[in-house]
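Understanding the architecture of this molecule
Residue strings, one per chain:
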Amino acid sequence: MDIDLNGAKVIKNTKSIERNNKWSAFLTDVRKNRVLLCMLIPALLYVIVFAYIPMGGIVLAFKNYNYNVGIFKSPWCGFDNFRFLFVTNKIWQLTLNTLLYNLVFIASGLVFEVGFAIVLSEIRNKVFKKITQAFMFLPYFISWVVVATIMLNIFGSNGVLHHILSYFGAGDFSVYKNTKIWPLVLVIVRAWKQTGYGTVVYLAAITGIGQDLYEAASIDGATIWQKIRYITLPSLKPTIFIMVLLALGNVFRGDFGMFYQLVGSNQLLLQTSDVLDTYIYRMLTTSPNTGMTAAAGLYQSILCFVCIMVANHVVKKVDPDYSLF
Amino acid sequence: MKANFVKKIVAVALVLAVVGTMSGCGSSKASAASDPGVNYEVTSGPYVDKDVDLSKHENVVMYVLGDRPADMDEVLEKANKEYFEPNLNTDLSIEFLNWSDYQTKYPLLLSGGEQVDLIYTASWCFYNEEIAAGAFKELDKDFLKKYMPYTFEEEPSQAWDEISVGGKIYAVPKGQASFTAYDLALVRKDLIDKYNLTEPTSWDNFKKYLTELAEHTSESGVTAMNTNANREQLLSMYLQSEKIQGVTEGYDWEYVADNSEAAPKQDDIFYLYTSDEYKKYCEEMAELAEKKVWSSDAINDTTDPQAYFENGTSGAFVWNNSIFAAGKNFEDAGLGEFAAYDVTPDTKRARGAYSVDAIAITSKAVNPERAALTLDYMKSDVDLNRLLLGGIEGKHWELTEDGTRKTLDGAANYGWNSWAWAINRQDEPAEDGLDERQIKLMEACEAQEFVPEQTGFTFNPEKVQSQYQAVSAVVDEYRQSFALGIYGDATDSTFDTFKTQLEAAGIDAVTEEFLSQYNAYMSNR
């Protein structure tokens, strides 16, 4: 609300004669900012084409889809498509799994990404900084398929680590046999792969903090830790909130690529690392059904929607400046 | 002013770029076929005196599974120029769905806006599911007679029976069925000699061979059966050894046939994954895993076991007669000598159903009549058929005096029948200079052929869809883990959990539906 009022005030102040007429004011505004507005078009088109138009497909979740008659003429079938999700009680466990994994990923991601961004920003040696950043960024470009193969060849029972350990007399080692540590393995592998990318966002935010603040702090005799604690972290707060809120919007969607590739069909590991997406994949891969797929997607979307609304509401209550909308 | 102009240009260019990439997704590849404007007057050929309308030029697009052969364009050009254009006034283009992602692409292709007139399908490749979704055109006898005149006569009646669902035909099956559902063992002859191993002449001896070989792994560097999770190599062989036969292709209800062709009684049919027979299989697999016949990480491996055999790191590879291709590659690499065994010589074997390879006309086909004619032509004209199957005669293959076909150097770019399994003919020439080991085993297969009475029955899980999906999910969760015996001593208790979960998912209701459809089918015969 505040933002709107401020915006209106700005327009009032800058607008000249035509300000009584809202419509022409709008047109002038458009004309004046036409280049900026043009730059908005790609993003707008993206959202319309890939988010708003496909939303019409939600009806598929309630239809017995038939190619011959198309989406809208297919017969309605009520909630039949959802039944397959709830035939077994597994769905609750999986929903919880997905939620908890994602919450841990968000938390660990936050710690690593902000941490490394601060460390990188404090490094003065430019060459070292660039090389470190490049190596951190590299895993982000490796596909999960390749990561899975690398994992197997390092941590598997025929892997490098096994050979090194057995050389020193340690017994059989394979991370794939130890099912209990898999939640941890997933968190570590994910952190290794994603930290580089996330760091860039926070690094950009840190670059945006005025140098005068740090200089003033130095003059007052602040140590490096005090500068991080009292300048960098508080300045990063808005970025952190936005990133976390955005991540919460997908909190009921498992990272299919990661879980499917790393865990695969190893049922021992699935006991602790099965998520909604892999389960739905297993259900529908043998017998694909458009309606049921849509139903599963809608189930996840609704949960995500509720989650982000609640989170945003809470953030707004605490500090309206940090909320998304 | 000038800067502003540049900005505008850049903005517009950006927008165009984005819009361009978006529309790029939708543009159809169908136009790859030659100029649609050219109209050929059909004055000769096999269809000129048939009562069909060939006055308008059409493009027909066919989708098949596999990797596009390097010389595909050349072969297609020849086929279009010499056959389809002059005799059918049609241009055919063929698109490929790769093995790696056909499962996701296939349903999308049929629901999307692309032109698809003909598409490969099979009992294991969405045939029943897509019929339920209305993706395939129903082919009644009149339509077949008129638009597929030659195929209608040549196709064996058993083939039409097997492809029918609920008495209706939705695809045209292949013209020749082979023993694709019968598994053989490919093993290392050189290692048998070197370590004096048991010859795998029976299921028990095969297991003995594997465990003996496993004892030498650290010395030989060969894993007894280097395998991965995606291919359950031993299940069908185990079922063969127990003389267990599936009631119908693609679904997991079985009965002990014991070499009898009589249709099973209702009480003899059981669901594989809850049966004691399956439990015994799980225990045997756990035993093999315990003896390190395969790596304990095989479950997380994704390398194809055929590649493992071919590069000499696997002591066994189990599949249908395709094993000989692996054996040949292995020997060509100079790594050793292979031997092939029929591990279950006393078991009668069914030919793979005709319905395991077929071509359907989609319900969105631009001109279904012309698509049918095109398919008919491909299947009925011997020269055209061989051109599509094996490439250009004289470049990719040639006929010998005995009527067998010889592979030429060009075959590297167009291997014989790498994608056209669904349009093959009974008079397909056999490969020249076949490995003697292969001929011997194939003759044994022919001699042991049996055709179960219930052949032609298929199951439609539509009424129990929710339960069926839930059951599939449970089976998919455990199946590969049992196959690789990862539970060790806990196999029995895990099996009990598995069985309980299947029951909770509603397997009993699905089995009941299966049996009622089976009974209805049998009483109508």
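Residues numbered from 1 in each chain as written. Chains lettered and ligands numbered in written order. Predicted model: local features only at pLDDT ≥ 70, side-chain atom pairs only at ≥ 80, totals over all residues.

**Here's the deal with the overall build of chain A**
Counting secondary structure elements, chain A contains 15 helices and zero strands. Here the C-alpha radius of gyration of chain A, 25 Å, is well above what a compact globule of 325 residues would show, namely 20 Å. Overall, the C-alpha framework of chain A stretches about 80 × 70 × 35 Å when taken along its three principal axes. Expressed as a percentage of contacts within chain A between residues at least 6 apart in sequence, the contacts between residues at least 24 apart total 66%. (Helix = DSSP H or I, 4+ residues; strand = E, 2+ residues; numbered from the N terminus. Rg over C-alpha atoms; globule rule 2.2 N^0.38 Å. Contact = placed C-beta atoms within 7 Å.)

**With respect to the overall build of chain B**
The secondary structure content of chain B amounts to 20 helices and 13 strands. The C-alpha radius of gyration computed for chain B amounts to 26 Å, which stays within 12% of the reference 24 Å derived for 525 residues, consistent with globular compactness. Overall size of chain B, expressed as C-alpha extent along the three principal axes, is 75 × 70 × 60 Å. Sequence separation of at least 24 residues holds for 76% of the intrachain contacts in chain B that already meet a minimum separation of 6.

**Concerning the interface of chain A and chain B**
On the chain B side, the residues contacting the 39 residues of chain A number 43 residues. For the side of chain A that touches chain B, the elements supplying multiple residues, two or more each, are helix 3 (34-55), helix 4 (80-86), helix 13 (267-273), helix 14 (276-285) and helix 15 (290-318) of chain A. Ranked by residues supplied to the side of chain A that touches chain B, first place goes to helix 3 of chain A with seven residues. Here the side of chain A that touches chain B is built from residues that sort into 20 nonpolar, 16 polar and three charged. (Nonpolar A, V, L, I, M, F, W, Y, C, P; charged D, E, K, R; others polar.)

**A look at the sheet that holds strand 3 (residues 118-121) of chain B**
All names here are of chain B. Taking strand neighbours across the sheet as the criterion, the five strands line up as 2-1-3-11-4 in an open arrangement whose pairing is mixed. Every interior strand has two partners, whereas the edge strands, strand 2 (90-97) and strand 4 (172-173), have only one. Two strands pair when backbone bridges link them, and strand 3 and strand 11 (residues 358-361) are joined in this way by four bridges, in the antiparallel orientation. By the bridge assignment for strand 11, Tyr120 is matched with Ile359. (Pairing = 2+ DSSP bridges.)

**Thoughts on the sheet that holds strand 7 (residues 253-256) of chain B**
Strand pairing in a sheet is mediated by backbone hydrogen bonds. Such pairs are either parallel or antiparallel. All names here are of chain B. Spatially, 6-7-8 is the arrangement adopted by the three strands of the open sheet, whose pairing is antiparallel. Two strands close off the open sheet at either side, each with one partner strand: strand 6 (244-246) and strand 8 (270-271). Where strand 6 lies against strand 7, three bridges are found, and the strand directions are antiparallel. Pairing of Gly246 across the sheet is with Glu254, part of strand 7.

**Observations regarding the pairing of strand 7 of chain B**
Residue and element names in this part refer to chain B. Counted along the chain from strand 6 to the antiparallel partner strand 7, the turn is six residues long, and its residue Gly250 has a positive phi close to 90 degrees. In this sheet, strand 8 lies alongside strand 7 in antiparallel orientation, the contact comprising two bridges. Paired with Trp253 across the strands is Tyr271, a residue of strand 8.

**Topic: the packing of helix 14 of chain A against helix 18 (residues 465-483) of chain B**
Following both chains from N to C, one finds helix 14 of chain A and helix 18 of chain B inclined at 110 degrees, their axes separated by 7 Å at the closest point. Taken as axis vectors, helix 14 of chain A and helix 18 of chain B run roughly perpendicular relative to one another. Considering how the two elements wind past one another, helix 14 of chain A and helix 18 of chain B form a crossing that is right-handed. On helix 18 of chain B, the residues that touch A:Tyr279, A:Arg282, A:Met283 and A:Leu284 of helix 14 of chain A are B:Gln469, B:Ala470, B:Ser472, B:Ala473, B:Asp476 and B:Glu477. Tallied by class, residues from the contact of helix 14 of chain A with helix 18 of chain B come to five nonpolar, two polar and three charged. (Axes fitted to C-alpha atoms, helices over the stretch in contact; angles between N-to-C directions. Parallel < 35°, antiparallel > 145°, perpendicular 65-115°, else oblique. Left-handed = near helix turned anticlockwise from the far one by under 90°.)

**Considerations on the packing of helix 2 (residues 72-88) of chain B against helix 16 (residues 382-390) of chain B**
All names here are of chain B. The N-to-C vectors of helix 2 and helix 16 enclose an angle of 165 degrees; their axes lie 9 Å apart at closest approach. In terms of orientation, helix 2 and helix 16 fall into the roughly antiparallel class. Regarding helix 2 and helix 16, the two cross each other, and that crossing is left-handed. Judged by residue contacts, Val75, Lys78, Ala79 and Tyr83 of helix 2 engage Leu384, Leu387 and Leu388 from helix 16. When grouped by side-chain class, the residues that make up the contact of helix 2 with helix 16 number six nonpolar, no polar and one charged.

**Description of the domain arrangement of chain A**
All names here are of chain A. Segmenting chain A into domains produces domain 1 (17-78) and domain 2 (80-322). Here domain 1 and domain 2 have C-alpha centroids that lie 31 Å from each other. The interface is formed by 10 residues belonging to domain 1 together with seven residues belonging to domain 2. Along the lines of polarity and charge, the residues of the side of domain 1 that touches domain 2 split into six nonpolar, three polar and one charged. (Domains from an automatic or database assignment.)

**Concerning the pairing of strand 11 of chain B**
All names here are of chain B. Across the two faces of strand 11 the burial is the same, with Ala358 and Ala360 and Ile359 and Ile361 all buried. Pairing geometry for strand 4 and strand 11, over two bridges, is antiparallel. In the sheet register, Pro173 faces strand 11, and the bridge partner there is Ala358. (Buried ≥ 20, exposed ≤ 12 C-beta atoms within 10 Å, placed from the backbone.)

**Section: unusual backbone geometry**
Residues and elements named next belong to chain B. We note that Asn89 has phi near 55 degrees; this positive angle belongs to a residue other than glycine. Here Asn89 lies in the loop between helix 2 and strand 2. The phi dihedral of Lys243 is positive, around 55 degrees, even though this residue is not glycine. Turning to its location among the elements, Lys243 is positioned in the loop between helix 11 (235-241) and strand 6.

**Looking at the confidence of the model for chain B**
Regions with low pLDDT should not have their predicted coordinates read in detail. Residues and elements named next belong to chain B. Averaged over all residues, the pLDDT of chain B is 87; the fraction at 70 or higher stands at 93%. Predicted confidence is poor over residues 18-35, with pLDDT under 50, and the contacts of this stretch with residues over four places away or in other chains come to 18 contacts. Reported for the predicted complex are a pTM of 0.77 and an ipTM of 0.73. (pLDDT = per-residue confidence, 0-100.)

**As for the nonpolar core**
Ranked by size, the top nonpolar core spans 172 residues in total, and within it B:Ala185, B:Leu186, B:Leu210, B:Met285 and B:Ile359 carry the most contacts. Counting residues per element, this core draws most heavily on helix 18 of chain B, at nine residues. Counting residues in hydrophobic clusters, the runner-up holds eight residues, among them A:Val114, A:Phe116, A:Ala117 and A:Ala205. (Core = buried A, V, L, I, M, F, W, Y, C linked by C-beta atoms within 7 Å.)

**Brief notes about helix 6 (residues 126-137) of chain A**
Compared with an ideal rise of 1.5 Å per residue, which puts 12 residues at 16 Å, helix 6 of chain A spans 16 Å between its outermost C-alpha atoms and is within 8% of the ideal. By the criterion of burial, helix 6 of chain A is predominantly exposed, with just zero of the 12 residues buried. (Expected span 1.5 Å × (residues − 1).)

**Quick look at helix 12 (residues 256-263) of chain A**
All names here are of chain A. Along helix 12, the residues classified as buried are Met258, Phe259, Leu262 and Val263. Relative to the axis of helix 12, the buried residues are bounded by an arc of 90 degrees and lie together on one face. Positive phi shows up at Gly264, right after helix 12, with a value of about 60 degrees. (Arc of directions from axis to C-beta.)

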